[in-house]
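# Survey of secondary and tertiary structure
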Amino acid sequence: MVGEDDADGDGEARFGTDGGEGERARFEDVDWDAIDAQRTRLAPTRLAALLAGIGYALALAHDFLVAGDDPTVEVALDLPGGAAASTYALDVTAVDWLFVATLLVGGFALVPLATNRRLRAYYWRRFRRHTPAVLSAWYLLAIFLLGTVGTLLIEQPDLHLAAAYQPPVFASVDASIPTECVGPVVDGRCQGTWAYPLGTTAEGKGLLALAMFGMRVSMQVGLIATLLSVAIATLVGTTAAYAGGWVDEVLMRYVDIQQTFPTFFLFLFLAYLYGGSLFVLIVIFGVTGWGGIARIVRSEALQRREELFVEAARASGASTLSVVRRHVVPNVSNSIVTAATLHIPFLILSEAALSFIGLGDVTLPSWGQTIAAGRGDLATAWWISTVPGLFLFATILAFNFLGDALRDALDPRQEV
Amino acid sequence: MGLKRYIVRRIAWAGVVAAVMLTVTFVLLDLAPDAQLARVQFQAAASGGNAEAAAEAYAQRRGLDGPLWERYLDYLGNLATGDWGWSDTRSQPVSEAILTALPYSLMYTVPAVLASTLLGIAIGLYSAFNQYTKTDYAATFVAFFGISIPNFWFGIVLLLVFAVHLGWVPVLFDAELARTHPFSLANARQLALPVFVLGTSAIAGTMRYTRAEALEYVRATFVKTARAKGVSERRILTRHVLRPTLVPLSTILVGDLLGVILSASYLVEIVFGIPGLGRLSLDAIQRQDTALVLGTTLVPVFVAVIGNLLQDVGYALLDPRIDYGDR
């Protein structure tokens, strides 16, 4: 979002500002001692990132080497309210690990923005003008928290045939449709109850809980696969822009070919051949869907490399790698963030579509799967397909609004 | 480089792309675990036979026992000569299955593409001429709606409302009727919802692109000049704005619309039970008929390759400013 140069907020410190009584430092004098000191000193952000990385690696090693197939964490809990002591077991899957890594990377990518108050205020002013986008951001935050934190607190819904086909609260349905009406029966119509606020499926699973687990699946697919795509796209895009010549030609021709293959059918074909688990699906999405972002990164990087600040950095002896890392990528990140935000809804939709036709992970309650499950009961239990579909629609709409507003706020040159 | 040479080179490149894609699909198929082989082995073992021998017999029957390059050449040769393999589940050649399914797909995609293109261009132009008015915002919202709504779910909701509750359209698609009387009113009725669903997802892109392209010309100096000369608004719209807008648009339409239509129609067919290509492909996936899955995947791939080719060539032909030096 911003050059790392500004990130520390003490950018001036590298120039001679000791301003002592002695000789006055001129502006163009570079205080190399200050810079050397800065280089050896570990910035707090770096330190935090390092610690988080080490912690992550240790936890991962623990899960794979020590815990093995057992649940990762098992805590005996004394639930307040007189409930019997129960064991709280948490089995962290490979996707969860990737998800945590994604959130860590995303969080540390936001640090430069968070620490720079002026920049934050500037972007917020530009972003605030789009009311739908601000609402979307709140909605997505809620979905994200419900999906990540909320699902840790509730049980995955299981088969409960006695409670099948319960209508949502405030709705009612002919009493002959549910096996057994959980709520009151008024005038021969079964009323919905707060026990199942959004109703239940044919298997008696609460739709609210299903929708919440669906939020987690959607967020995991959208965020992890997008981060994978962004990482590959940035690498390929900057390499193509900087290497030029035949490297550029080969990489971009490859992107051409990948982009020609209709993405949905590529996902479909791969999911058919190799699919079955969410992990594989995410890898398929992440590894094959980055072509569009790579093109954007390349064209932006080509422009950035001609800018004066890049020339200045090169003139003062910066290597190509450090120019790319410290000057080009941060200045391309505006376009990357916009493209990534608009890439997420596409992936969420693709996952839902694949789950809908039965190519997703059948062990996880995703939105597409629930929509498909409710198709057969449309005439009698309309809510089964409708509820998860509404969440899916709202999430995709929110990401699209957000991406559009981000483009306006971050990337005023791109006007569509 | 001349235009002719560019077109020749572009066609050659399309050939390269197609070859690469076929190679990639071959490798993917070869690396994937063969579900059918596993089933054959399981059956043999379950009935007390030799799983090894059954696997060998299976491989021989399917022509999987030759060396890799031989199988690869066979694969390319068969595809090129129109022999797309044998569908086990349907007991007919894959190409025949695809040809039977295709008319059903075209039956609703063609009207949807025509309607969404015409309407999309009209609304986009209107938005450009009335930028930041209430109607423009409404059109923008419709576009967002169209991009965002999952079309398979939209189809389900529409079926719920218009077929189950209101009873205006039939719930089940009558393939027999569609085959015997494709141009009857009854067929139009059962195709109305699929056309509408497909249209909403396709119209959004057209609308936004038209608006963005037209906006470039609405404020152009030559439009100002025309207006100053006293040219009527209608003529400005059709001659001075629409014409240059159509050039980039026509190419965007081919490429982007194809992608939307291909993937959207897949799910639409499943929701509405239309026995077209998407339905065929889904059946093949569910019954693990790999030859048919491959065939139904290659159709959109070839359509995309040709669509891209037409897009680039069309652009070069229509827009004289295009420099085809490095392409």
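Conventions adopted
Residues numbered from 1 in each chain as written. Chains lettered and ligands numbered in written order. Predicted model: local features only at pLDDT ≥ 70, side-chain atom pairs only at ≥ 80, totals over all residues. Heavy atoms only, no water. Contact = heavy atoms within 4.5 Å. Buried area = accessible area lost by both parts, 1.4 Å probe. Salt bridge = Lys/Arg side-chain N within 4 Å of Asp/Glu carboxyl O. Polar contact = N/O pair within 3.5 Å; in protein donor to acceptor, adjacent residues only side chain to side chain. Helix = DSSP H or I, 4+ residues; strand = E, 2+ residues; numbered from the N terminus. Nonpolar A, V, L, I, M, F, W, Y, C, P; charged D, E, K, R; others polar. Pairing = 2+ DSSP bridges. Axes fitted to C-alpha atoms, helices over the stretch in contact; angles between N-to-C directions. Left-handed = near helix turned anticlockwise from the far one by under 90°. Phe/Tyr/Trp six-rings, centres within 6.5 Å; stacked < 30°, edge-to-face > 60°. Buried < 20%, exposed > 50% of the residue type's maximum accessible area, 1.4 Å probe, protein only. Lys NZ or Arg CZ within 6 Å of the ring centre and 35° of its normal. Core = buried A, V, L, I, M, F, W, Y, C linked by side-chain atoms within 4.5 Å.

## A look at the interface of chain A and chain B
Residue-level contacts link 37 residues of chain A with 48 residues of chain B. Of all residues in chain A, F265(A), F269(A) and Y272(A) bury the most surface against chain B, accounting for 17% of the area lost on that side. Here chain A is connected to chain B by zero salt bridges. At the junction of chain A with chain B, the criterion picks out five residue pairs in polar contact (both at pLDDT 80 or more). Residue contributions to the side of chain A that touches chain B peak at eleven residues, all from helix α15 (residues 383-410) of chain A. Residues that form the side of chain A that touches chain B fall into these classes: 28 nonpolar, five polar and four charged.

## Observations concerning the sheet that holds strand β3 (residues 172-174) of chain A
Within a sheet, neighbouring strands are paired by backbone hydrogen bonds and run either parallel or antiparallel to one another. Residues and elements named next belong to chain A. Spatial ordering of the open sheet is given by β3-β5-β4, a layout of three strands whose pairing is antiparallel. On the outer flanks of this sheet lie β3 and β4 (185-186), each paired with one strand and no other. Summarising the sheet, β4 and strand β5 (residues 189-191) pair through two bridges and their orientation is antiparallel. From the neighbouring strand, V185 faces β5, where its bridge partner is C190.

## Description of the packing of helix α7 (residues 207-243) of chain A against α15(A)
Residue and element names in this part refer to chain A. For the pair α7 and α15, interaxial distance at closest approach is 10 Å and the crossing angle is 35°. Like other packed secondary-structure pairs, α7 and α15 cross with a definite hand, here right-handed. Residues L207, A211, M215 and M219 of α7 pack against W383, I384, V387, P388, F391 and F399 of α15. Grouping the constituent residues of the contact of α7 with α15 by class yields ten nonpolar, no polar and no charged.

## Structural notes on unusual backbone geometry
Keep in mind that most residues, glycine aside, have a negative phi and that most peptide bonds are trans. All names here are of chain B. If you check the backbone angles, Y132 has positive phi at about 60° while not being a glycine. Secondary-structure assignment places Y132 in the loop between α5 (94-129) and α6 (134-148). If you check the backbone angles, Q288 has positive phi at about 55° while not being a glycine.

## Examining the packing of aromatic side chains
Scanning all chains against the criterion turns up 23 aromatic pairs over all chains. On the basis of an interplanar angle of 35° and a centroid distance of 4.5 Å, the ring pair of F356(A) and F152(B) is categorised as tilted. Within this pair, whereas F356(A) is found in helix α13 (residues 320-356), its partner F152(B) is found in helix α7 (residues 151-165), the two belonging to separate chains. Judged on exposure class, the residue F356(A) and its partner F152(B) are both buried. Measuring from centroid to centroid gives 6.2 Å for F393(A) and W153(B), while their planes differ by 35°, and the two rings are tilted. Of the two residues, F393(A) sits in helix α15 while W153(B) sits in helix α7, which places them in two different chains. A relative accessible area of 13% means that F393(A) is categorised as buried. Residue classification places W153(B) among the buried residues on the basis of a relative accessible area of 5%. Of the aromatic side chains, those joined through ring pairs into one cluster are F393(A), F145(B), W153(B), F154(B) and F196(B). A cation over an aromatic ring shows up here: R253(A) above the ring of W13(B), its NZ or CZ 4.6 Å from the ring centre.

## Describing the side chain of D136(B)
Residue placement: D136(B) occurs in helix α6. Once you skip the residues sitting within four places of it in the chain, D136(B) turns out to touch S127(B), N130(B), Q131(B) and R211(B).

## Quick word on the nonpolar core
Generally speaking, soluble globular proteins have nonpolar side chains that are buried together. Counting residues in each nonpolar core, the largest one holds 137 residues, and the members touching the most others are L268(A), F285(A), L354(A), F356(A), I357(A), F152(B) and Y266(B). The element that contributes the greatest number of residues to this core is helix α11 (residues 233-272) of chain B, accounting for 14 residues. Counting residues in hydrophobic clusters, the runner-up holds 22 residues, among them V230(A), V323(A), V328(A) and A340(A).

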